[in-house]
Amino acid sequence: MRLIVPLRGVIQGRGGLFVGSLIPCCLFYFLQLYLKGRRPPPSDPTELPRTSSRSNLFSRGNSIGRVRVSSRAAPVAKPSDSPYYIGLERVKTDPYDRILNTNGIIQLGLAESTLCFDLLQRWMSENLMESIMQSDHGEFDISSIAMYKPFEGLLELRVAFADFMSRIMGGKVSFDPSNMVITAGGTPAIEVLAFCLADHGNAFLIPTPYYPGFERDIKFRTGVELIPVHCRSSDNFTVTVSALEQAFNQARKRGSKVSGILFSNPSNPVGNILSRETLHAILEFAQEKNIHVISDEIFAGSVYGDKEFVSMAEIADSGEIDKSRVHIIYALSKDLSIPGFRAGVIYSFHEDVVNAAKKLMRFSSVSVPVQRILISLLSDVKFIEDYMTTHRQRIRNKHIRFVEGLKQLGIPCAESGGGLYCWVDMSSLLTSYSEKGELELFEKLLSVAKINATPGTACFCIEPGWFRCCFTALADEDIPVIMDRMRQLAESIRS
Amino acid sequence: MGLPLMIERSSNNNNNNNNVVELSRVAVSDTHGEDSPYFAGWKAYDENPYDETHNPSGVIQMGLAENQVSFDLLETYLEKKNPEGSMWGSKGAPGFRENALFQDYHGLKTFRQAMASFMEQIRGGKARFDPDRIVLTAGATAANELLTFILADPNDALLVPTPYYPGFDRDLRWRTGVKIVPIHCDSSNNFQITPEALESAYQTARDANIRVRGVLITNPSNPLGATVQKKVLEDLLDFCVRKNIHLVSDEIYSGSVFHASEFTSVAEIVENIDDVSVKERVHIVYSLSKDLGLPGFRVGTIYSYNDNVVRTARRMSSFTLVSSQTQHMLASMLSDVEFTEKYIRINRERLRRRYETIVEGLKKAGIECLKGNAGLFCWMNLGFLLEKKTKDGELQLWDVILKELKLNISPGTSCHCSEFGWFRVCFANMSENTLEIALKRIHEFMDRRRKF
């Protein structure tokens, strides 16, 4: 899943609108920050005396205090200093277009796939109308889509989702629709889980590098902290129990209460598929510390390598583990390329979490007409199987091309078997092996090579030089263009 | 800042293997309120729902404010305009592609423009709405919660006039940690908000060391079914300026005012004010759930005159986005001025007639209602039937109405009404026949009581 990026444009090609709006927006932000610094510190609101003349009061202007927002809201509107968002902004100022803007910045910073749009488009044009407007009498009955329905999602949708998830995960595990709550995307799914499993000030352990959006999804409103558990290239960035143990103990010494472990599998940004052993180890660790496990499996259907994907749901069933500590999030944004539809899942083995999440869905539920489309879509077994096979194949092909292209330039990638991106080791291009060096390279990539790739620092990676490059929105002909630009940049750096 | 930490936990989960894993305070809290009578009646309905043909003696749901009176208008329009899926299908290839990927929290421009235009029409053009100040949320419930997160910190308070929509206890407080301090209103002046009541509520908060961040009103009011007078709105804004706090006006029933001229939106008041420091404390919540009868679509909006709030709300709306598909589906319908004008007009008329039917019917049974002019419900006074004018007395009567008359109505106590014996009765979520049956049951009940 991904969080909405500030000021993100609609789609490529509309950069013009944002050139005009970006610069004044930046100026406005800085002006606000400047003014905020100059304002006197907050105190109890001073009250103005009553006046008999209302129009006098309303025109007094300067003597009325400026009304303020809450302290938790204040950081939200600030421009982000994360390279993840900065990169996305920069693309909007000059987005690459194969025909109209061949010198523009190529977007490799967004994990989304357009590889199978043709299949989806065809399905939609053949089925959309029917799936929304259908009714038992053959005539359109608006009450089937207009009226209040359970916020946790129609039962038919939960059934369809359960079946779909089972299928895309290789049919080795089944999901019970009554443990499932449908959310308006992956973003609310993770936030609601954070609200249910941890109090304000508690923390989740999270292996690094991790998806930058979690910083907002989890911290914005819940007040839950994220404690990084550093992973290294020597393990292909796979989390170890000793690292978990260390992070847990350090947290305890600081007085931080750890409520759970959050990780993505397939991982983002590395693209690792966690082995059964690793999953067991994580679960046993959680059992020992009596904490929760949240497995973000949003890329489960985007597995293209040879390694088998195993869901935490499967592992939870084995052994003497208390299943109720296991929770899974999923969404259709990545595997089915429909982030705009906003459809995600919280799947929990804990009855009270399911009940609380159901009630919280009134704040983030999926519109009924969209649910009806999804019921049709997810239940169309033949379509889904064809789609998934093609989707995997196309990612695999694109992955091979992309990685090979970089290899030719002496730029290796981490081993990956899932996701819509690869984890690229550009340390050989760093002028200094440090975060500073990495950010300098990030800037060169943007301004010289005109490529937006997400630097490891944005993902809290402990080793400098790694970049996430998303390749599933690229056409085959875009790849040589990218490699050519990379080659030129590499040559200029290495000389 | 922050929620107070729990002193003693029942288990130290860091060491003990045998303990069940803990959940958060939010998860175990009962602030969701689903154990209150407001919701208990719904359970009774779920177990024995009225059906004209199959279960004519079942419970009639009069506790749900849903608008079904104008469904036919929507159906006809959609069938006419959407025969080949041109509006709701994806005949145009580019349409789907954009929808599928589009998850920009700004929302579709065409849809925001359509919402702005619709909101202007409802107000008879007496206020303008800038589409760039519209932030979309998945329903008004989400809009109210989002605004609360933005305007108040945990343990701060919003002042809310009573009686108020029971859902506010959950929507404004549950995850936000914000408190509600009631502004007490009573029948002596038709439950209108007075400056004295405002001052008193503010003082109550201050005495308890609670920081007040804003006032939140519903206009037209739920559960009163009446519009807020212009003078009251002006007094409210005046109060908010003097205390330097926010004013949130939830106007989700604005299109359900029986006579358009009787509704004054806070937007109209603000329209004539140039001073930003006054305007920027005003925020409006709207939704298509009540006026357009589309609660299933989950479309809500925050309209704010405060740039910072707009920006912040937009970013936070990531947790509650409206599907691009839904926006696409509604944009053309809401921009169709001919249709919306006709819809708004006919919808108002039908609601007015329903209201008159129920109020007349109740009057014949000897029951008075508050003089209302809006909404999907009436505010009925059964105080004279109470043995004891207490909360228990009211709940006893409510229980009798639920069990004997098989009518689920909402007791005033669940709306925090300070006078006992008032009930909210919804009339727009059923056919005219069903309404007649409900009235008949009430008549019979009153007849029986008179005999004693």
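Computed from a predicted model, the values in this text were never measured in an experiment.

(A) Layout of the overall build of chain B. A tally of helices and strands in chain B yields 16 helices and 13 strands. Compactness check: chain B gives a C-alpha radius of gyration of 23 Å against a globular reference of 22 Å for 452 residues, within 12% of the reference. Considering only C-alpha atoms, chain B reaches an extent of 70 × 65 × 55 Å along its principal axes. Here chain B holds 452 residues, and 66% of them are scored as buried. When contacts within chain B are restricted to residue pairs at least 6 apart in sequence, long-range pairs at least 24 apart make up 74% of them. For chain B, the accessible area works out to roughly 16,300 Å², and carbon and sulfur atoms hold 49% of it.

(B) Region of interest: the overall build of chain A. Helix and strand content of chain A: 17 helices and 12 strands. Across the 495 residues of chain A, 62% fall into the buried class. Pairs at least 24 apart in sequence give 76% of the contacts found in chain A among residues at least 6 apart. For chain A, the computed accessible surface area is about 18,500 Å², with 51% contributed by carbon and sulfur atoms.

(C) How the structure looks around the sheet that holds strand S9 (residues 368–369) of chain B. All names here are of chain B. Strand order across the open sheet formed by 4 strands is S9-S10-S13-S12, with antiparallel pairing between neighbours. Looking along the sheet, the strands with just one partner apiece sit at the ends: S9 and strand S12 (410–411). Relative to strand S13 (residues 422–426), S12 runs antiparallel, the two being bridged by 2 bridges. Directly across from Pro411, in S13, lies its bridge partner Phe423.

(D) Geometry of the nonpolar core. The biggest cluster of nonpolar side chains holds 166 residues, and the ones touching the most others in it are Phe161(A), Phe164(A), Phe175(A), Leu205(A), Met312(A), Leu332(A) and Val215(B). Among the elements that take part in this core, helix H5 (residues 117–133) of chain A stands out by supplying 8 residues, more than any other. The contacts of Val215(B), once residues within four sequence positions are left out, are Leu159(B), Ile183(B), Leu198(B), Leu236(B), Phe239(B), Cys240(B), Ile245(B), His246(B), Leu247(B) and Val248(B).

(E) Region of interest: the sheet that holds strand S8 (residues 300–304) of chain B. Residue and element names in this part refer to chain B. Taking strand neighbours across the sheet as the criterion, the 7 strands line up as S2-S8-S7-S6-S5-S3-S4 in an open arrangement whose pairing is mixed. The open sheet is flanked by strand S2 (134–137) and strand S4 (179–183), the only strands paired with a single partner. Averaged over all neighbouring strand pairs, the angle between strand axes comes to 25°, with direction disregarded. One ladder, built from 4 bridges, connects S2 with S8; its direction is antiparallel. Residue pairing for S8: Thr137 is matched across the bridge by Gly300.

(F) Layout of the confidence of the model for chain B. Residues and elements named next belong to chain B. Put simply, chain B has an average pLDDT of 90, and 91% of its residues get 70 or more. Taken together, the stretch residues 1–17 has pLDDT below 50 and engages in 31 contacts with residues farther than four places along the chain or on a different chain. Counting interchain partners and residues more than four positions distant, the pLDDT-below-50 stretch residues 90–94 has 9 contacts. The ipTM for the predicted assembly is 0.90, set against a pTM of 0.89.

(G) Highlighting the packing of aromatic side chains. According to the stated counting rule, one finds 31 aromatic pairs over all chains in the structure shown. Judged by centre distance (4.1 Å) and plane angle (25°), the ring pair of Tyr77(B) and Phe339(B) falls under stacked. Of this pair, Tyr77(B) sits in helix H3 (residues 71–81) while Phe339(B) sits in helix H14 (residues 337–364); the two residues are 262 residues apart in sequence, bridging distant segments of the chain. Taken individually, Tyr77(B) and Phe339(B) each receive the classification buried, so the pair is uniform in this respect. Taken together, Tyr84(A), Tyr85(A), Tyr211(A) and Phe214(A) form an aromatic cluster joined through their ring pairs. Positioned above the aromatic ring of Tyr421(A) is the side chain of Arg468(A), whose terminal nitrogen or guanidinium carbon lies 5.3 Å from the ring centre. Over the ring of Tyr202(B) we find Lys243(B); its NZ or CZ atom is 4.4 Å from the centre of that ring.

(H) Looking closely at the pattern of salt bridges. Residues and elements named next belong to chain B. Under the definition given, this model contains 51 salt bridges over all chains. With a closest N to O distance of 3.8 Å, Asp153 and Arg211 form a salt bridge. Highlighted residues: Asp153 in the loop between helix H6 (140–151) and strand S3 (157–161) and Arg211 in the loop between helix H8 (195–207) and strand S5 (212–218), separated in sequence by 58 residues. Exposure remark for Asp153: the relative accessible area of 6% places this residue in the buried category. Salt-bridge contacts for Asp238 lead to Arg242; the nearest nitrogen and oxygen are separated by 3.7 Å. Of this pair, Asp238 and Arg242 both sit in helix H9 (residues 230–243), 4 residues apart, roughly one helical turn.

(I) Region of interest: the side chain of Ser295(A). All names here are of chain A. With respect to the helices, strands and loops of the structure, Ser295 is situated in strand S6 (residues 292–296). For Ser295, a relative accessible area of 0% gives the class buried. When neighbours within four sequence positions are excluded, Ser295 is seen to be in contact with Phe263, Met312, His327, Ile328 and Ile329.

(J) Seen up close, the pairing of S13(B). Residue and element names in this part refer to chain B. Across the 5 residues of S13, 5 count as buried, placing the element largely inside the fold. Burial of the side chains of S13 extends over both faces: Trp422, Arg424 and Cys426 are buried on one face and Phe423 and Val425 on the other. Relative to S13, strand S10 (residues 377–381) runs antiparallel, the two sharing 5 bridges. In the strand pairing of S13, Phe377 is matched with Cys426.

(K) Region of the structure containing helix H10 (residues 241–254) of chain A. Residue and element names in this part refer to chain A. Taking 1.5 Å of rise per residue, the 14 residues of H10 would be expected to cover 20 Å, and the 20 Å separating its terminal C-alpha atoms lies within 8% of that figure. Three or more residues of H10 are buried, namely Ala243, Leu244, Ala247, Phe248 and Ala251. With its buried residues spanning 130° around the axis, H10 presents them on a single face. Pointing more than 90 degrees away from the buried face of H10 are the exposed residues Ser242, Gln246 and Lys253. Here the buried face of H10 lies against strand S3 (203–207), strand S4 (225–229), strand S5 (258–264) and helix H11 (276–289). Where H10 ends, the next residue or the one after it, Gly255, has phi of about 85°, a positive value.

(L) Molecular detail of helix H13 (residues 324–335) of chain B. Residues and elements named next belong to chain B. Taking 1.5 Å per residue as the helical rise, H13 with its 12 residues ought to reach 16 Å, and the 16 Å between its terminal C-alpha atoms agrees with that figure. Of all 12 residues in H13, 9 are buried; the element is thus mostly enclosed. Those residues of H13 that sit buried are Ser324, Gln325, Thr326, Gln327, Met329, Leu330, Ala331, Met333 and Leu334. The N-cap residue of H13 is Ser323: its side-chain oxygen and the backbone nitrogen of Gln325 are 3.1 Å apart.

(M) Region of the structure containing the confidence of the model for chain A. Scored by pLDDT, chain A comes out at a mean of 88, with 86% of its residues at no less than 70. Note on residues 48–57 of chain A: pLDDT under 50 across the span, and 18 contacts to partners over four residues away in sequence or across chains.

(N) Broad picture of the environment of Val69(A). Tracing the backbone shows Val69(A) in the loop between helix H2 (54–58) and helix H3 (74–77). Look past the residues within four positions of Val69(A) in its chain and what remains in contact with it is Ala74(A), Ile150(B), Leu151(B), Arg213(B), His246(B), Asn308(B) and Val309(B).

(O) Inspection of the packing of H5(A) against helix H14 (residues 368–379) of chain A at higher detail. All names here are of chain A. H14 packs onto H5 with a crossing angle of 125° between their chain directions and a minimal axis gap of 9 Å. The orientation of H5 relative to H14 falls into the category oblique. Handedness of the crossing formed by H5 with H14: right-handed. Residues Leu120, Trp123, Met124, Leu128, Ser131 and Ile132 of H5 lie in contact with H14, whose contacting residues are Pro369, Arg372, Ile373, Ser376 and Leu377. Counted by class, the contact of H5 with H14 contains 8 nonpolar, 2 polar and 1 charged residues.

Thresholds applied
- Residues numbered from 1 in each chain as written.
- Chains lettered and ligands numbered in written order.
- Predicted model: local features only at pLDDT ≥ 70, side-chain atom pairs only at ≥ 80, totals over all residues.
- Heavy atoms only, no water.
- Helix = DSSP H or I, 4+ residues; strand = E, 2+ residues; numbered from the N terminus.
- Rg over C-alpha atoms; globule rule 2.2 N^0.38 Å.
- Buried < 20%, exposed > 50% of the residue type's maximum accessible area, 1.4 Å probe, protein only.
- Contact = heavy atoms within 4.5 Å.
- Areas by Shrake-Rupley, 256 points an atom, 1.4 Å probe, with all protein chains shown as cover.
- Pairing = 2+ DSSP bridges.
- Core = buried A, V, L, I, M, F, W, Y, C linked by side-chain atoms within 4.5 Å.
- Axes fitted to C-alpha atoms, helices over the stretch in contact; angles between N-to-C directions.
- pLDDT = per-residue confidence, 0-100.
- Phe/Tyr/Trp six-rings, centres within 6.5 Å; stacked < 30°, edge-to-face > 60°.
- Lys NZ or Arg CZ within 6 Å of the ring centre and 35° of its normal.
- Salt bridge = Lys/Arg side-chain N within 4 Å of Asp/Glu carboxyl O.
- Expected span 1.5 Å × (residues − 1).
- Arc of directions from axis to C-beta.
- Polar contact = N/O pair within 3.5 Å; in protein donor to acceptor, adjacent residues only side chain to side chain.
- Parallel < 35°, antiparallel > 145°, perpendicular 65-115°, else oblique.
- Left-handed = near helix turned anticlockwise from the far one by under 90°.
- Nonpolar A, V, L, I, M, F, W, Y, C, P; charged D, E, K, R; others polar.

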